[in-house]
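# Commentary on secondary and tertiary structure
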Amino acid sequence: MEDSLGVRIDLRSDAVHVEGPEDAVAKVQRIFQDFEALRRLGVHPHNGELNGMLRLVVADPATTLRSLVDSGKQRSAGVKRTVQPRSINQRRYVEAIEQNDMVFGVGPAGTGKTYLAVAMAVSAMNAKKVSRIVLVRPAVEAGERLGFLPGSLQEKVDPYLRPLYDALYDLLEPEKVDKMLEKNVIEVAPLAFMRGRTLNDAFIIMDEAQNTTIEQMKMFLTRMGNNSKAVITGDITQIDLPNPRKSGLLDAINILDGVEGIHFCHFEDSDVVRHALVQRIVRAYESSKPQQQELPLGLGESILGQGIEVQPPQGHESRTSAQPLLAAKPQ
């Protein structure tokens, strides 16, 4: 408050002494009055929540602590913790989800894109606005090759979907989450399972959308049925596709901007709500990042059906794309 409002606050034995411009002092006084009123009502926001709320109150003259808490309570009905935006962009994001049927949340890691979307989905279902939640993620490794994972199909894809489970368990009691998953009231699935489906009366969230191809993005966006809402989140600086320019999220930003009913929310490093170090790390990478170079297309994408000869590393026999790979005969 001191830095943003240009005041000096001194804690004395019997009072808090504030010096500065008259309007800024009045703003600080209102904040302390609201905080005391909330304390008497049994509302005790922890440091992270309080810091985020203060940032909003200081940035917007029309916003008060009490109004933020009241709006947070409305969105948090049936949720075990209050869902409260901690920055201006987060508040715009939440309001956009309430007012639009399709919202894109684009920005760096740690800005609350996925968490707030899951929270809004849970809130909508508790308010009977939708009858189910569908959480989707493309199964793409972050620069690693995990190979053939053991277990059932669900066990194979669960590691990719774990961040969505984490948000659910953070917002709802574990027993309730397990029951909803068992009854398919909440469905968590890889993107490939969406083809051919029509999702009616559902709140649909796609996370890590930067790792979709253009075709996958189009397929997902056309799954929406009646009385459905979709939120698509992603970070265009963390594309794990072989060719980053083939990202479905980048393509959608260019094509769908300005389409009625679709809203784009862009987050910045100042919106990061994880550990304070995360914000500094994001800024450091952004400031030192060289111009992103286009990676070569995957071999299958570039040579299929063209009969183009691929030059292998030295010491290996060459093979054209038209030549089949024959399994070795058993001895």
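Quick caveat: nothing in here was measured; it's all calculated off a predicted structure. Within any chain, residue numbers begin from 1 and follow the written order of that chain's sequence. It should be noted that, the model being predicted, local features are given only for residues of pLDDT at least 70 and side-chain atom pairs only at 80 or more, the latter also being counted only at that level, while totals for whole chains, interfaces and linings use all residues. Values shown for side chains rest on all heavy atoms present in the structure; no hydrogens or waters enter the calculation.

### Side note on the packing of aromatic side chains
Stacked, edge-to-face and tilted labels apply to pairs of Phe, Tyr and Trp rings (six-membered ring for Trp) whose centres lie within 6.5 Å, assigned for plane angles under 30 degrees, over 60, and everything in between, in that order. Enumeration according to the criterion identifies two aromatic pairs in this entry. On the basis of an interplanar angle of 80° and a centroid distance of 5.1 Å, the ring pair of Y93 and F267 is categorised as edge-to-face. One end of the pair, Y93, is in helix α5 (residues 88-99); the other, F267, is in the loop between β8 (262-266) and α11 (276-288), and 174 residues separate them in sequence. A single burial state applies to Y93 and to F267, both of which are buried. Consider the rings of F104 and F264, whose centres lie 4.6 Å apart with planes at 15°: the pair is stacked. With a gap of 160 residues between them, F104 in strand β3 (residues 102-106) and F264 in strand β8 connect regions that are remote in the sequence. Classification of residues uses two cut-offs on accessible area relative to the type maximum, computed with a 1.4 Å probe and protein chains only: under 20% is buried, over 50% is exposed, and between them is partly exposed. Assessed through its relative accessible area of 14%, F264 is described here as buried. Each helix corresponds to a stretch of at least 4 residues labelled H or I by DSSP, and each strand to a stretch of at least 2 residues labelled E; elements are numbered beginning at the N terminus.

### A closer look at the confidence of the model for the chain
Known as pLDDT, the predictor's per-residue confidence is scaled from 0 to 100. For the chain, per-residue confidence averages 78 on the pLDDT scale, and residues scoring 70 or more make up 76% of the total. In the model, residues 142-146 has pLDDT below 50 throughout and makes four contacts with residues more than four positions away in sequence or in other chains. Throughout, a residue-residue contact means that at least one pair of heavy atoms, one from each residue, lies within 4.5 Å.

### A word on helix α10 (residues 248-256)
For α10, the complete set of buried residues consists of G248, L249, A252, I253 and L256. The arc that holds every buried residue of α10, seen down its axis, measures 140°, which confines them to one face. Exposed side chains of α10 directed beyond 90 degrees from the buried face belong to N254 and I255. Buried residues along α10 sit in contact with β3, α9 (214-221), β7 (229-234) and β8. We call two N or O atoms a polar contact when they sit within 3.5 Å, provided that within protein one can donate a hydrogen and the other can accept it, with sequence-adjacent residues counted only if both atoms are side-chain atoms. Near the N-terminus of α10, the side chain that reaches the backbone nitrogen of L249, with its oxygen 3.2 Å away, is that of S247. Within this analysis, the arc is defined by the directions that extend from the helix axis to the C-beta atoms.

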